[in-house]
Each structure stands twice: as C-alpha cells, then as structure tokens.
There are 2 protein chains.
Amino acid sequence: MAEMVNVAVDAMGGDNAPAELVKGAVEAVNEDNRIKVFLVGRQEEVNKELAKYTYDPARVEVVHASEVIETAEPPVVAIRTKKDSSLVKCMKMVREGTCDGMVTAGSTGATLVGGQLLVGRIKGVDRAPLAPLIPTEKGVSLLIDCGASVDAKPSNLVQFALIGSIYMESVMGVKNPTVGILNIGAEEEKGNALVKETFPLLKELKEINFIGSVEARDVPAGVADVIVCEAFAGNVLLKTYEGVGMTMLKLIKKGLMSNLKSKIGALMIKPTLKKTLKGFNVEEYGGAPLLGLNGLVVKTHGSSKTIEIKNSVLQCIAFKEQKINEKIKENMSNNGKEKILPEG
Amino acid sequence: MAEMVNVAVDAMGGDNAPAELVKGAVEAVNEDNRIKVFLVGRQEEVNKELAKYTYDPARVEVVHASEVIETAEPPVVAIRTKKDSSLVKCMKMVREGTCDGMVTAGSTGATLVGGQLLVGRIKGVDRAPLAPLIPTEKGVSLLIDCGASVDAKPSNLVQFALIGSIYMESVMGVKNPTVGILNIGAEEEKGNALVKETFPLLKELKEINFIGSVEARDVPAGVADVIVCEAFAGNVLLKTYEGVGMTMLKLIKKGLMSNLKSKIGALMIKPTLKKTLKGFNVEEYGGAPLLGLNGLVVKTHGSSKTIEIKNSVLQCIAFKEQKINEKIKENMSNNGKEKILPEG
C-alpha cells in the first residue's frame, strides 16, 4: 500500500465553517483511500457535523483547538497570540511533519503570515508565493504570485517562475509548461522597472520554457501555462476575473428576464449556459497553494463550499507523491546554474 | 452661436484607417453642429473616403500628412523623426491651439510620448494619465491611470485623483464623484508601498470624495466613480476586463451551439443577450482621454470602428465647454491646500 497522505483541515475557518469544511474533508476521504484528514477545531462542533456522514473512521481524526482566528484580526497578532487556534494548530502539524499539507478557508492574511512564521520556507526560497489556478479557454493557468509578496524583487519572480513551472508539470501534468511574465505590452522593452529587470533573467533561465511577455487581455484565452507576476498585479488580475464574471452573469440573467420571449429562451438554454459558466468559475478549481513552504498550505475562498474543500484536500496527493518540495529544493540550491528537469 | 469645437482626427492610425476614422468623424459632424473636424492623413485616401458621405463642408477640413507611424515603431524615434506623420501633425495642431482636442486609434506608445513631448503637460501636472471609462453595473467608472505612467509616485496618484474627479464631475455629470484607490484588500493597512504612502494623502485631500480602498473584484459592480491606480495595475485591470468579457462571450456562444434545444433557445434570447453584452463592452465608451495635457488627446482602440471614433470626437465638446483644463490648472496650482470645486 502506498504511503498515506495526511492533510490537516482548518475546520473553523471561512464563512461556512465547520459544516462545509467537514463535509468536504469527508468527501475527499471517501473519494480517495490514500487520504487521511485531521479535522482541527472545536471538538464538539466538529463531531456534531461528522455524525451526519459515513466514512472510514481510521482515516478521519478530530484534533481539538479551542480558539478561532477571525478574518478581521490583525494577522501577525493573531498568529502570535492565538496558539490554540485551529489555523495555528494546522500549521504546526505541517511543520512537525504530522501532516503533508493543510487546507484553510480562513483569514488570508493570517494564512500568509503563519505560512512564513510557523510552517517556514524551504531553504533557498526567499518568498512564498500564493498561486491559484485560473480557468482559461484551453484549461487552466497558474497565476504566481497573487497576493503573498507585494513589492517583490526580480530574484523573487525568477523563483516564482521555477516553482510555478515545477507545479504545473508535476501536479497538473502539463509537459514543458509555457511561462510568461505579465506585462502591459507584448514587446520586450515594455513594462515597469520590475518587469524590465526580470525579463532578461527569465530569458536566460534554462529550467523553464519562457515565452516572454503576456498581456492580461490574453490570459483568459490561455496564452501561457504559468503567468509570473508581482503580487499586487496578480491580485488585481485574479479579482477582476472574478468580478467581471459575476457581473456579466448577473447582467445576463437580468436581461433574460426582461421579456417573455427571452424568458422562454432562457429556460431552453439554462442547462448549457450553467455548464459553460461553471467551467469558467475561478472557485471551481480548489484553493490556491501557498508554495515554497515546508509542506503544502492550500488557501481556499472564505466562501468555499464542499467541492472546493474536497478538491483542495485531493491536491495534496499529487503534491506529496510527485515530491514537489524535493524538486523545489533541488532547483533552489541549483539556482538556475544547471538544468534540472522535473520528473515527467 | 457657441464657439466651434475643433477636433483633429488622425485619419491614418489604427487597423481600420482611414475608412472608419473618416466615417466616425463625419458622423460626429452630422450629429452635433458644434463640431468641426480636421482629417489629418494622406489627402488622396482621405478624400476618397469622404466622397462617400454627405456633410457640411464648412465643418470638415482635410490636412495632408505624408507619413504614418506604425504600431511596431519605437515610440520616441517615431515621434522625433516622422515630422510629417498624421499623429505628429494632429498633436501640433492641438499644441498650437488650432484644435481643442484630437482623436487617434494609432500607436499607444507614440500617443503617450507625443502627448508629453508635443502637446505638453499643463503647468503643475507631473504626469499625464490615460483614463478610460469602463462599464459597470451602475454605469461607468473612470480608471486613472491605465498605462501612461508606470512606476508612478504617491504625488502622481494624488494628482490623478484630482484630475479624475474633475473629469467625472464636469464631463460625465456625476455630482461629487466617489474616488477609491485600487488595492488588494479593503483595509487601510493593506497594500504595497505605493498604496500605503498614497492612502493618507488622499484621505487628507478635501477636494475629493475619497471612499478608501477598493478591490478589483468590486470594480465591475460600480464600487467607485473614479478608480485611482498606478499604470501597471490599471492596465492589468482594464485588459483583464476585456479579456474575460471576450472569452466568456466566446464560451457562451460555443455552448449554445452544442445542442438543438439550446440552439433554438439561443435564437430567442439573441436580441436581449446582444443588448446586455453591448452595454458591458469596454469599447462602447469611446476612447480613453490622456488627461492633464494642453488640450484633449483621446486614444481609442486600434480596432476602433465608427461608433467609437464618433463618441471620442463628441467627448471633446464637454471637455471644451466645461473648461476642464482651466479647472485642472486651478487645482494644480492650488495643489490640495484649499477646496476648489468643479462647477456643477
């Protein structure tokens, strides 16, 4: 039997905790027998949810944590003072090696801070990027970094390119993934100071399949497998993606209800439209991994439901079995000097 | 009779030049008798297009320009060497006061460079921002800056907030427009170094109705009338808007053609869907004004068609009649020390 993949789930984080968190974790356990989950949170509340489901009890463990970090709390203070919070306990379990990874729908700020302070970075990694998968016409692209390291330096972006490339190849199975740098024009001389300094460094990097600058306009069409960017720009891209999608959907629905003919038409197209829009929903793809840490930390939306939690837990399998962190370590110590390919 | 609004139109710039440019200019002339256009470009080609239409000949003048600046040319070189290009000639006409404003669908780079070098900035304006109107659920918002001044300083963003506020109030008729700063979280302590430094300056600025940080996710819903941002982030937001819109439309169309039932439904909803999507199309709102210059420079999409050109030409009327540049001048010399309200 293959080794178990142990995943800590922050049962108290997010708008739908603990119900959706517990349900998602149980569904992951039932879907894949390599998974064991540790549900971390207020024992009584978690057990009450668990009682609703059938599962292999050997692969679900409840770990009591008396405190909860709220979204509005200042991240650093929360991480330092709430030692018995579900989030801090999850992180410690990853740090100590009890768990290979963890999933939280709680405070983004506390997750980013805790990731650096409690889980800790892989040796050689200067900044840990948050890297969500976003839907495109062709499938998905990895957006790295998307909110973890504002005001990053060129050397950080070079590491993001390496880490992102390894992730897309090993976890997502994309052979020789294309890497583009987010820019405001397609030409090499365009961009801000950061992009102009980073571009030649990426061009020289033999470990990646660099295709040059990519414009935000072409990202939804699937212009590159890995989109390298500084956190602020990446966050703006991701959030605009979400916002435009939501607004268009709302406007289309409203438009369709405006007259009888289109109301009838709307009934006929509903299943197809729903399927299409679901495929282009940022939230469908599980959470965003915070990469480059001593273990996988997956941050999902605060509003995450079962499906997202389940997919985030399942992400940890490929992460462990494909030895992503070992590959990142090799590449970091090697640091662009010699070609080390991720194992196909 | 009110004073004429003289507008130079770069008849040779963009993918659809000169046909759509000439047609758009003529339509503006026919729609509003305050407009006089100067069609700048290769005389023979322009006249050939003009021959197709009926218009008041006293309000359409052709100005010959033998050269054309191509999109791929390095902007600074192009502006300096192609003295007889349609773009350079338009800019000189604005600088000299022959025209109140100009419209081009040509090279963005050359337009930005030429704007600074040839048209020149209003005294006190340190950087001239490019500020497109983008569609929202509530109407439109002004995104300022969106590609003109990468790596801007806090003082630049403060000026953008003032200029954007004046524009929205005087040209778009929004009373006491709300101003937000684009950020990666709603809290004051969030953001990169630039946003953190700019935030308190905007908070102190009595001339504007500052509402704090706004997230890209809420921009499509119409969270603020004026969105202040550094050019790189603004450009990413704008381009993502366009890209997600295009991709969603493509996917919806493809989905609707996938089975008979939805094909029939699609026929019934087509007029309504078309109307909805048209209202949420970035290109519908005429071009993006490059503000803070000695005259209005409107940059439209390279792929602009008649409607966009016409709307861009018509923009110049409010710009002149509302004395936008005089208001900007007053506010710049005043520079945040005393409240000077734009005239209602």
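Residues numbered from 1 in each chain as written. Chains lettered and ligands numbered in written order. Predicted model: local features only at pLDDT ≥ 70, side-chain atom pairs only at ≥ 80, totals over all residues. Heavy atoms only, no water.

Trainee: For this particular structure, what's the right way to read the relation of the copies chain B and chain A?
Mentor: Superposing the two chain copies requires a rotation about an axis and a translation along that axis. If you rotate chain B by 180° and push it 0.0 Å along the axis, it lands on chain A with an RMSD of 0.1 Å. Taken together, the rotation angle and the small translation identify this as a two-fold axis. Measuring from the rotation axis to each C-alpha of chain B, the shortest distance belongs to glycine 265 of chain B, at 2.0 Å. The share of interface residues of chain B whose copies in chain A are also at the interface is 100%, consistent with both copies meeting through the same surface. (Least-squares fit on C-alpha atoms with pLDDT ≥ 70 in both. Contact = heavy atoms within 4.5 Å.)

Trainee: Mind showing me how you'd approach the domain arrangement of chain A here?
Mentor: Note on interface size: it is often stated as the accessible area lost on association of the parts. All names here are of chain A. According to the domain assignment, chain A contains domain 1 (1-125 + 292-323) and domain 2 (130-283). Taking the mean C-alpha position of each, domain 1 and domain 2 sit 26 Å from one another. The partner domain 2 presents ten residues to the eleven residues of domain 1 that form the contact. Carbon and sulfur atoms make up 59% of the area that domain 1 and domain 2 hide from each other, which totals about 960 Å². Along the contact surface separating domain 1 from domain 2 lie zero salt bridges. Counting residues per element, the side of domain 1 that touches domain 2 draws most heavily on helix α10 (residues 306-321), which supplies four residues. (Domains from an automatic or database assignment. Buried area = accessible area lost by both parts, 1.4 Å probe. Salt bridge = Lys/Arg side-chain N within 4 Å of Asp/Glu carboxyl O. Helix = DSSP H or I, 4+ residues; strand = E, 2+ residues; numbered from the N terminus.)

Trainee: What am I meant to see in the sheet that holds strand β10 (residues 288-290) of chain A here?
Mentor: Where strands meet in a sheet, backbone hydrogen bonds hold them as pairs that are either parallel or antiparallel. Residues and elements named next belong to chain A. Reading across from one edge, β3-β2-β1-β4-β11-β10 is the order of the six strands in this open sheet, with mixed pairing throughout. Edge strands, defined here as strands with exactly one partner in the open sheet, are β3 (60-64) and β10. Taken over all neighbouring pairs, the strand axes of this sheet differ in orientation by 25° on average, direction set aside. Sheet topology places strand β2 (residues 35-41) next to β3; five bridges connect them, and they run parallel. What sits directly across from valine 37, in β3, is valine 60. Seen against the sheet, helix α1 (residues 19-31) touches β1 (5-10), β2 and β3 and runs at an angle of roughly 165° to β2. (Pairing = 2+ DSSP bridges. Axes fitted to C-alpha atoms, helices over the stretch in contact; angles between N-to-C directions.)

Trainee: I keep staring at unusual backbone geometry and nothing clicks. Help me out?
Mentor: Residue alanine 17 of chain B is joined to proline 18 of chain B through a cis peptide bond whose omega torsion reads -5°. Checked against the element boundaries, proline 18 of chain B lands in the loop between β1 (5-10) and α1 (19-31). Notably, lysine 323 of chain A is not glycine yet its phi reads approximately 50°, a positive angle. You can see lysine 323 of chain A is positioned in the loop between α10 and α11 (324-334). On the basis of relative accessible area, lysine 323 of chain A is assigned to the partly exposed category, the value being 47%. (Buried < 20%, exposed > 50% of the residue type's maximum accessible area, 1.4 Å probe, protein only.)

Trainee: In this structure, what is going on with the sheet that holds strand β3 (residues 60-64) of chain B? I would like to understand it.
Mentor: Residues and elements named next belong to chain B. Here we have six strands laid out as an open sheet, ordered β3-β2-β1-β4-β11-β10, and mixed in their pairing. Lying at the two open borders of the sheet, with one neighbouring strand each, are β3 and β10 (288-290). Strand-to-strand twist in this sheet, taken as the mean axis angle between neighbours without regard to direction, amounts to 25°. Sheet topology places strand β4 (residues 101-104) next to strand β11 (residues 296-299); four bridges connect them, and they run parallel. In the sheet register, valine 103 faces β11, and the bridge partner there is valine 298. Lying over the sheet, helix α5 (residues 108-119) contacts β4, β10 and β11, oriented at roughly 175° with respect to β11. Strand contacts of helix α10 (residues 306-321): β1, β2 (35-41), β4, β10 and β11, with the helix running at about 145° to β1, the strand carrying the most contacts.

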